[in-house]
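# Survey of secondary and tertiary structure
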Amino acid sequence: LILPQIAVGYEVAPNLRLGASLIWGIAIMDFSSFAMGGTSEQTLQDGSLVETAAQDVRAHIKAKDWFVPGFVASGLYSVSDSIDVAAWYHYSDSIEARGEAELDSFVFSNKLTPATDTTKGSTAKGKTVVKVAQPMEARIGVRFHLPREGVEPSKTKDPLHDELFDVELDGEWSHDSQLDAIEVRFEGNPEFAQVAGLGAVGPLPAKSRIPHNWKDTFGARLGGDYNLLQDRLALRAGAWFQTSAID
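Presented here is an overview of the structure given in this document. As the structure is a prediction and not an experimental result, all values here were calculated from the model.

### Focus: the pairing of strand β6 (residues 83-92)
Look at any regular strand and the pattern is simple: side chains alternate between the two faces of the sheet. Bridge count between strand β5 (residues 57-78) and β6: nine bridges; the pairing is antiparallel. Counterpart to glycine 70 in the pairing with β6 is serine 92. Between β5 and β6, which pair antiparallel and follow one another directly, the connecting turn spans four residues. Strand direction decides the pairing type here: β6 and strand β10 (residues 137-147), joined by eight bridges, are antiparallel.

Right, here's the structure in full:
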């Protein structure tokens, strides 16, 4: 995932600075996924198929999305000469990459070779669509900094020159529950609409979901600098905590 962007920042009022950027994301995907294989001749009491590892099916998907739009907005307000408060927000559209899927059956079988025509196939180019949600994010922070006595502040903020030390506390939220699953769609009439050799012929589903079931995450970061030598040397330390996106 490549995220080139163009940004601008401006001091709209004394002590208030706003910034924004536009993002042109580019997504290039190349991954494999496995589906359980079974035969209609082997079923459980509830009617479901008995899994047979030798008949598992592998899907190798290559897809690209040349335009994933997004933006970032931020603001910083200097409450006083020693205290700054900032906020930041990031949004990105979902990735909808188009490409093709190559399918292999009997991947783990010694009886058949996956390279044979009866066990390989592919969808038409551009007819496989992979959709992946991109979680939005937000952050807010407060920073305390002690200016050096007798030092004229630089025109552009330079903490190593202007300050003796600073301490910053940030909170963040990521809407990771947006990524409940990776969705793969097979549009139109795929060239390889069926996977042969599974006992019962298995058609490609119109839509397949790879569940993730992530949860929103929350985090906190605390850190600071102490500038030992003005313009030359600073000591920095910090710590962070973040909740898990999975159970």
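### Observations concerning the side chain of threonine 128
Residue placement: threonine 128 occurs in strand β9 (residues 128-132). On the basis of relative accessible area, threonine 128 is assigned to the buried category, the value being 0%. Apart from the residues lying within four places of it in its own chain, the contact partners of threonine 128 are Ile61, Ala97, Arg98, Gly99, Glu100, Ala101, Thr123, Val184, Arg185 and Phe186.

### Regarding the packing of aromatic side chains
Applying the stated criterion to the full structure yields four aromatic pairs. On the basis of an interplanar angle of 35 degrees and a centroid distance of 5.8 Å, the ring pair of phenylalanine 71 and tyrosine 91 is categorised as tilted. Taken together, the positions of phenylalanine 71 in strand β5 and tyrosine 91 in strand β6 put the pair 20 residues apart, joining distant regions of the chain. A residue is classified by how much of its surface remains accessible, and phenylalanine 71, at 34% relative accessible area, is partly exposed. Judged by relative accessible area, which is 30%, tyrosine 91 ranks as partly exposed. In this structure an aromatic cluster arises from ring pairing among Phe71, Tyr89 and Tyr91. Here arginine 139 stacks its cationic end above the ring of tryptophan 88, 4.6 Å away from the centre of that ring.

### Here's the deal with the pattern of salt bridges
All told, the structure shown has nine salt bridges when counted by the stated rule. Put simply, aspartate 84 and arginine 143 hold a salt bridge, and the shortest N to O gap is 3.5 Å. Placement of the pair is aspartate 84 in strand β6 and arginine 143 in strand β10, with a sequence separation of 59 residues. Take aspartate 84 and arginine 143: they sit in the same class, and that class is buried. Between arginine 143 and glutamate 163 there is a salt bridge, with its nearest N and O atoms 2.5 Å apart. Here arginine 143, found in strand β10, pairs with glutamate 163, found in strand β11 (residues 163-174); they are 20 residues apart in sequence, far enough to count as distant. Considered together, arginine 143 and glutamate 163 belong to a single accessibility category, that of buried residues.

### Quick notes on the nonpolar core
In this structure, Met29, Ile61, Ile95, Val130 and Val132 are the most contacted members of the largest nonpolar core, which totals 14 residues. If we skip the residues at most four places from it in the chain, isoleucine 61 touches Met29, Asp30, Phe31, Glu100, Ala101, Thr128, Val130 and Val184.

### Observations regarding the environment of glycine 25
Relative to the helices and strands, glycine 25 is located in strand β2 (residues 16-35). Residues glycine 25 and isoleucine 2, 23 residues apart in the sequence, show an inter-C-alpha distance of 5.7 Å. Ignoring anything within four residues of it in the chain, the contact list for glycine 25 reads Ile2, Leu3, Asp65, Trp66, Phe67 and Val68.

Thresholds applied
Residues numbered from 1 in each chain as written. Predicted model: local features only at pLDDT ≥ 70, side-chain atom pairs only at ≥ 80, totals over all residues. Heavy atoms only, no water. Pairing = 2+ DSSP bridges. Helix = DSSP H or I, 4+ residues; strand = E, 2+ residues; numbered from the N terminus. Buried < 20%, exposed > 50% of the residue type's maximum accessible area, 1.4 Å probe, protein only. Contact = heavy atoms within 4.5 Å. Phe/Tyr/Trp six-rings, centres within 6.5 Å; stacked < 30°, edge-to-face > 60°. Lys NZ or Arg CZ within 6 Å of the ring centre and 35° of its normal. Salt bridge = Lys/Arg side-chain N within 4 Å of Asp/Glu carboxyl O. Core = buried A, V, L, I, M, F, W, Y, C linked by side-chain atoms within 4.5 Å.

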